[in-house]
Amino acid sequence: IILIAHTPGNWWNSWIPARFGFSDATEIFVFCSGMASAIAFGGSYERGGWLMGSARVIFRCWQVYWAHICLFFFIAMTMAALDTYGDFTKTYVNSLNLGHFFKNPMPQMVGLCTLTDVPNYFDILPMYLGILLMLPVLMALASVNLWLAGGASVLVWLGSVTGQLWLPAEPWSDRHWFFNPFGWQLLFFTGFAFMRGWIPAPPVSKTLALLALAFLVISAPFGSWKVLNWLGDIAPGAEAWIKSIWGDFKFLRNKSNFGILRYVHFLALAYLGWYVAGEKGRNLIATGSGLGAALWRHMLTLVTKVGQQSLAVFVFSMALARGIGFTLDQIGRDPWIVSLANLTGFAIIICVAY
């Protein structure tokens, strides 16, 4: 999904989760990152204590920081090379808003390395880094009382949604980080708490599943222009009413500070996914011996491997998306060409994971 969403002119982008409700693939990424961090670092805190566990977290922050820096320079160099040595109708440097960096590189270099200059295309890893840096504090609070840790996370989130906690995103304006880590940490630590067992697994309930499904369906026109336009074909009056109040609850669906509707929407979607998958994913495991069952098991193996190498896959996907976008600029964007490009990109990502 990340590859599709960041490839320019990709018609598959019209069918990713972001087009059907308040939450999108960012929530999936952050929630799963929280769960993965509970697996990766939770044991370190238990076995080695707070200092050793925090040391592992800081080391991961070091890796993520340099992944971010190297990703930026690789993509910036690639875009500069296309503009410098190619004869194209578009300016690839400006397509990523990198003109400021190349016009006045000295303050931008300082801003990039201090994370006070975070271009829009490169804002996920700084957010992840910022959240990871909060993990030692959360673990210290959790060692005192789990309610204290949970309360602190909620208070920090409230500071984000009320505009009190933010980070500067560029030195020449008052723009903030698009993904505010003070807001998004709530979802990260929700996934972390589930995996650590601090929050018990919800009950398997058809009633809860139906309520979650009803919320997803009813809220869809309020969080998706695509669905709202579909509704307009059926009930123009309802479409007009929703458009008239669309701006009234903007802060509730705000993506930068992680509005509450995004949180509730994702939890409803996650519950349905968990309900369908079954405990430890038992409903996803094909038990048959036929070709279809074998292919399904193989696909799950591939998906699992990609998930286990999330940082490498993410960084590579962001770079690959620009390469695919450039290729499509040259050969055209017929639907079948774009589909072939996407599938080729998926295959390359799987190879990178292995």
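Here the structure is shown first, and the text comes after it.
Conventions we followed
Residues numbered from 1 in each chain as written. Predicted model: local features only at pLDDT ≥ 70, side-chain atom pairs only at ≥ 80, totals over all residues. Heavy atoms only, no water. Helix = DSSP H or I, 4+ residues; strand = E, 2+ residues; numbered from the N terminus. Contact = heavy atoms within 4.5 Å. Areas by Shrake-Rupley, 256 points an atom, 1.4 Å probe, with all protein chains shown as cover. Lys, Arg positive; Asp, Glu negative; His and termini not counted. Charge placed at Lys NZ, Arg CZ, Asp CG, Glu CD. Disulfide = S-S within 2.5 Å. Axes fitted to C-alpha atoms, helices over the stretch in contact; angles between N-to-C directions. Parallel < 35°, antiparallel > 145°, perpendicular 65-115°, else oblique. Left-handed = near helix turned anticlockwise from the far one by under 90°. Nonpolar A, V, L, I, M, F, W, Y, C, P; charged D, E, K, R; others polar. Patch = residues over 30% accessible without salt bridge, like charges linked within 9 Å, V, L, I, M, F, W, Y side chains within 5 Å. Salt bridge = Lys/Arg side-chain N within 4 Å of Asp/Glu carboxyl O. Expected span 1.5 Å × (residues − 1). Buried < 20%, exposed > 50% of the residue type's maximum accessible area, 1.4 Å probe, protein only. Polar contact = N/O pair within 3.5 Å; in protein donor to acceptor, adjacent residues only side chain to side chain. Phe/Tyr/Trp six-rings, centres within 6.5 Å; stacked < 30°, edge-to-face > 60°. Core = buried A, V, L, I, M, F, W, Y, C linked by side-chain atoms within 4.5 Å.

Draft legend 1. Layout of the overall build of the protein chain. A count of helical and extended segments in the protein chain gives 15 helices and zero strands. In the protein chain, of all internal contacts separated by at least 6 residues, the share reaching a separation of at least 24 is 71%. Summed over its atoms, the accessible surface of the protein chain is roughly 18500 Å², and 70% of this surface lies on carbon and sulfur atoms. In the protein chain, which carries 21 positive and 15 negative side-chain charges, the distance between the mean positions of the two groups comes to 10 Å.

Draft legend 2. Spotlight on the state of the cysteines. Following the criterion strictly, the structure yields zero disulfides and no others. No disulfide involves C61; its nearest neighbouring cysteine sulfur is the one of C70, lying 16 Å away.

Draft legend 3. Looking closely at the packing of helix α6 (residues 124–144) against helix α8 (residues 181–196). As a packed pair, α6 and α8 sit with axes 9 Å apart at the nearest point and diverge in direction by 60 degrees. Here α6 is positioned oblique relative to α8, judged by the angle of their axes. The chirality of how α6 crosses α8 is right-handed. Residues M127, Y128, G130, I131, L132, M134, L135, L138 and M139 of α6 touch α8, and the partners they reach there are P181, F182, W184, Q185, F188, F189 and F192. When grouped by side-chain class, the residues that make up the contact of α6 with α8 number 14 nonpolar, two polar and no charged.

Draft legend 4. Here's a closer look at a nonpolar patch on the surface. On the surface, a nonpolar cluster with roughly 410 Å² of combined accessible area is contributed by L210, L213, V217 and I218. Mapped onto the secondary structure, V217 falls in helix α9 (residues 206–223).

Draft legend 5. Representation of α9 in the model. Taking 1.5 Å of rise per residue, the 18 residues of α9 would be expected to cover 26 Å, and the 25 Å separating its terminal C-alpha atoms lies within 8% of that figure. Among the residues making up α9, those that are buried are A209, A212, L216, S219, A220, P221, F222 and G223. Where the residues of α9 are buried, they touch α10 (225–234), α11 (236–245) and α12 (260–277).

Draft legend 6. Layout of α8. Along its 16 residues, α8 runs 21 Å from first to last C-alpha, staying within 8% of the 22 Å computed at 1.5 Å per residue. Counting buried residues in α8 gives 12 out of 16 residues, a clear majority hidden from the surface. Among the residues of α8, those classed as buried are P181, G183, W184, Q185, L186, L187, F188, F189, T190, G191, F192 and A193. If you follow the buried residues of α8, they end up packed against α2 (25–85), α6, α7 (146–161) and α12. Among the residues of α8, the N-terminal cap falls to N180, whose side-chain oxygen and the backbone nitrogen of F182 are separated by 3.0 Å.

Draft legend 7. Representation of the environment of I16 in the model. Among the secondary structure elements, I16 is positioned in the loop between α1 (2–6) and α2. For I16 and Y128, which are 112 residues apart along the polypeptide, the C-alpha to C-alpha distance reads 22 Å. With residues near it in sequence (within four places) discarded, I16 still touches I1, I4 and A5.

Draft legend 8. A look at the packing of aromatic side chains. The tally for this structure, following the rule as stated, stands at 34 aromatic pairs. Geometrically, the ring pair formed by F29 and F314 is tilted, given 5.4 Å between the ring centres and 35 degrees between the ring planes. With F29 in helix α2 and F314 in helix α14 (residues 310–331), this residue pair connects regions lying 285 residues apart in the sequence. A relative accessible area of 17% places F29 in the buried class. Where Y121 meets F122, the ring centres are 5.3 Å apart and the plane angle is 75 degrees; that geometry is what we call edge-to-face.

Draft legend 9. Here's a closer look at the pattern of salt bridges. Within this structure, the stated rule accounts for nine salt bridges. Its salt-bridge partner being D24, residue K255 comes within 2.7 Å of it at the nearest N-O pair. Taken together, the residues span a long stretch of sequence, with K255 in the loop between α11 and α12 and D24 in the loop between α1 and α2 at a distance of 231 residues. The partly exposed category is assigned to K255, whose relative accessible area is 22%. The exposure class assigned to D24 is buried, which follows from its relative accessible area of 9%.

Draft legend 10. Layout of the nonpolar core. Counting 71 residues, the largest nonpolar core has I75, L132, L135, W184, L187 and F189 as the members making the most contacts within it. Going through the elements one at a time, α2, α3 (92–95), α6, α7, α8, α12, α14 and α15 (335–353) are the ones with two or more residues in this core. For this core, the leading source of residues is α2, giving 19 residues. Those residues in contact with W184, other than ones at most four positions away along the chain, are T26, E27, V30, M127, I131, F179, K255, S256, F258 and R262. One finds L228, I242, F249 and L261 within the second-largest nonpolar core, a separate group that totals eight residues.

Draft legend 11. Main features of the environment of S244. Among the structural elements, S244 can be located in helix α11. Put simply, S244 and D117 are 127 residues apart on the chain and 36 Å apart in space, counted from C-alpha to C-alpha. A distance of 2.5 Å separates a polar atom in the side chain of S244 from the backbone oxygen of W241.

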